[in-house]
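Descriptive analysis of the structure
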Amino acid sequence: MHAKYLDLLAEKYDCEEKVVTEIINLEAILDLPKGTEHFVSDLHGEFHAFQHVLRNGSGKVKEKIHDIFKGTMTEQQINDFATLVYYPEAKLKQIRNTFSNEVELNAWYQHTIYDMITLLPYASSKYTRSKLRKALPEQFVYVIEELLYKSDKYSNKKTYYEKIMQQIITLRQSEKLIIGLAYTIQRLIVDHLHVVGDIYDRGPDPDKIMDTLINYHSLDIQWGNHDVLWLGAYAGSKVCLANIIRICARYDNLDIIEDAYGINLRPLLNLAEKYYEDNPAFRPKEHKDKPLSEHEALQITKIHQAMAMIQFKLESPIIKRRPFFNMEDRLVLEKIDYKKKEITIYGKTYPLENTCFRTINPANPAQLLPEEEEVIDKLLVSVQHSEKLARHMKFLMKKGSLYLRYNGNLLIHGCIPVNEDGEMEQMEIEGEVYKGRALLDQFEEYLRYAFTHRGLSDDLATDMVWYLWTGEYSSLFGKRAMTTFERYFIKDKASHKEDKNPYYYLRESEEICRKMLEEFELDPDQGHIINGHTPVKEIEGENPIKANGKMIVIDGGFSKAYQSTTGIAGYTLLYNSFGMQLVAHQQFNSKEEVIQNGADVLSVKRVVDKELERKKVRETNVGKELQEEIGRLKQLMEYRYMQ
């Protein structure tokens, strides 16, 4: 190890005793049971449903409560106590109003605090005392530790403990302590969170999800196709930005753009009002709980058309300057006969309906009007100067990746592009051929370059980010072509079909999954592929556990738009020292319903894989890092203290 590094390490551990103590501590940690990993995917802006799953640890919180209090609490009491842990502020407000006098309320406070203190060591039993201390609410560390580790074997401290509790209540700190304990329990139940893509898209509150993740204690993110679209827009891709605004208009989510991120849409509205009328193909999909006035719906319809036309125009020059994208068939504006109002595409001619081509010059269909160019330029400046969006995108980039190898498993949102024979599909980029893991690494390299060179808007890296959204060999898109144009303007639904990459049916094969794990240098006997992106239609009998347990698909549909076809409201996955469990969730209606009725949204857990021997920290990614740190500390001892 380099002497300068060892000198720096010695500044932290300035005596042999400190080094020895740290080695003993780290070696002991290696033999603790591995912490619980919590996998979620395809959140699609559904903040309240996601928050509930996060707070209840996909059922782990209630499971721990049940283990401890079964026999001493009724099922209703267990439900109420679990709800208190999930939503302490709201549940306390409800409970407070049920007591007729302060004496009864204070007695309840005392009993509840002791119940929380009883649950806490069970929730933290896999962690060191130091890690528990860091998780405790700062203002109550002393009080909680005294109650947590109390011992009155010799009857010397009975009044001492009574006085602590009495003062908590007298000083009106009971509720603050209960709230602090509740959030500590939530935090300790799950050691690490994996978000397997698509924080953004149809739901109304992706920004709130991002704020929650930024404050979460330990997590990683595998980018989804919609996440990359937002990263691309912030990185300078005008066509990614056009896609975002078009999609937000389609799903009546322009509030995300204007209110959440402070991006001014007035110039876009002025353009839309000038050139577009009502159009049934571009009417927004309304939310049941957010009715639109006719005036609002018409404004959004016009904005929707304006951005769709700008998007199609911006796509053309990228397709032409990047012939290796192999997307000539998507030069849709050039394939239109504007007099006959029909298009010839993929060898077939279709009549067009609901057209809105007033801003298109048939002689040069990709040419932006000066007003369109001004609008998209202003929008890009606004996006790149949004402080909140910048904070979210930088965090998404810092914590994110296209795929992750973690504790022997491969986490990936979309797919590994393969052909019908299960061979990795090849893509030539700048004269070099890439496939499998190397292709995904190349995609990620371009995305990171684009993000750090945000002043560029039409370079290869920025174009490649858009390709990740829509390209044939993109690991995030996973289809042969995106038929956005056809869905708007062609009645024949056969033209709307988007053929999926063979990965999506070959992943049923254990042999194929084992081959993919080997491609990413993972043990095919021990590893799993954990996928999102494609809703699992459980209502039709589809199984999210595929390939003899080698493939686990955890997008069951957090998005409300998918729930009528999936029959559920999302899958999550838990992986602790005993093995893996898949959890299916029923539709989440509201936090208020949970608080009022103690209702939860979990259905049967399914065992995916059971460890023959309880897995320890030593066998995890964290364990490898700790072993490397131990090695460095031993070298430090030899270098500084044993000379």
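Figured I'd write up the structure that's included with this text. (Residues numbered from 1 in each chain as written. Predicted model: local features only at pLDDT ≥ 70, side-chain atom pairs only at ≥ 80, totals over all residues. Heavy atoms only, no water.)

Comments concerning the side chain of S237
- Turning to its location among the elements, S237 is positioned in the loop between α13 (225-235) and α14 (238-250).
- Non-local contacts of S237, meaning those with residues more than four positions away in its chain, are made with G232 and T462. (Helix = DSSP H or I, 4+ residues; strand = E, 2+ residues; numbered from the N terminus. Contact = heavy atoms within 4.5 Å.)

Comments concerning unusual backbone geometry
- For D252, which is not a glycine, the phi torsion comes out positive at approximately 50 degrees.
- With respect to the helices and strands, the residue D252 is situated in the loop between α14 and α15 (254-260).

Description of the pairing of strand β3 (residues 219-222)
- The two faces of β3 match: L219 and I221 on one face and D220 and Q222 on the other face are all buried.
- Bridge analysis of strand β2 (residues 192-195) against β3 gives 3 bridges, and the strand direction is parallel. By the bridge assignment for β3, L193 is matched with L219.
- Considered for its hand, the β-α-β crossover made up of β2, helix α12 (residues 206-214) and β3 is right-handed.
- Pairing geometry for β3 and strand β7 (residues 400-401), over 2 bridges, is parallel. By the bridge assignment, I221 is partnered in β7 with G400. (Buried < 20%, exposed > 50% of the residue type's maximum accessible area, 1.4 Å probe, protein only. Pairing = 2+ DSSP bridges. Right-handed = clockwise from strand over helix to strand, strands pointing away.)

Some remarks on the side chain of K313
- Along the chain, the position of K313 falls in helix α17 (residues 294-321).
- According to the relative accessible area criterion, K313 is buried, its value standing at 1%.
- Setting aside chain neighbours within four positions, we find K313 in contact with L333, T359, I360, P365, A366, Q367, L368, L369 and E372.

Observations concerning the sheet that holds strand β13 (residues 545-546)
- Reading across from one edge, β8-β9-β12-β14-β13 is the order of the 5 strands in this open sheet, with mixed pairing throughout. Of all strands in the sheet, those bounded by a partner on one side alone are β8 (403-406) and β13.
- By the bridge criterion, 4 bridges tie β8 to strand β9 (residues 409-412) in an arrangement that is antiparallel. Considered in β9, the bridge of L404 is made with L411.

Structural notes on the environment of Y503
- With respect to the secondary-structure elements, Y503 resides in helix α23 (residues 503-506).
- When the C-alpha positions of Y503 and P417 are compared, they lie 6.4 Å apart, and in sequence the two are 86 residues distant.
- Setting aside chain neighbours within four positions, we find Y503 in contact with G414, C415, I416, V418, M516, I529, N531 and M551.

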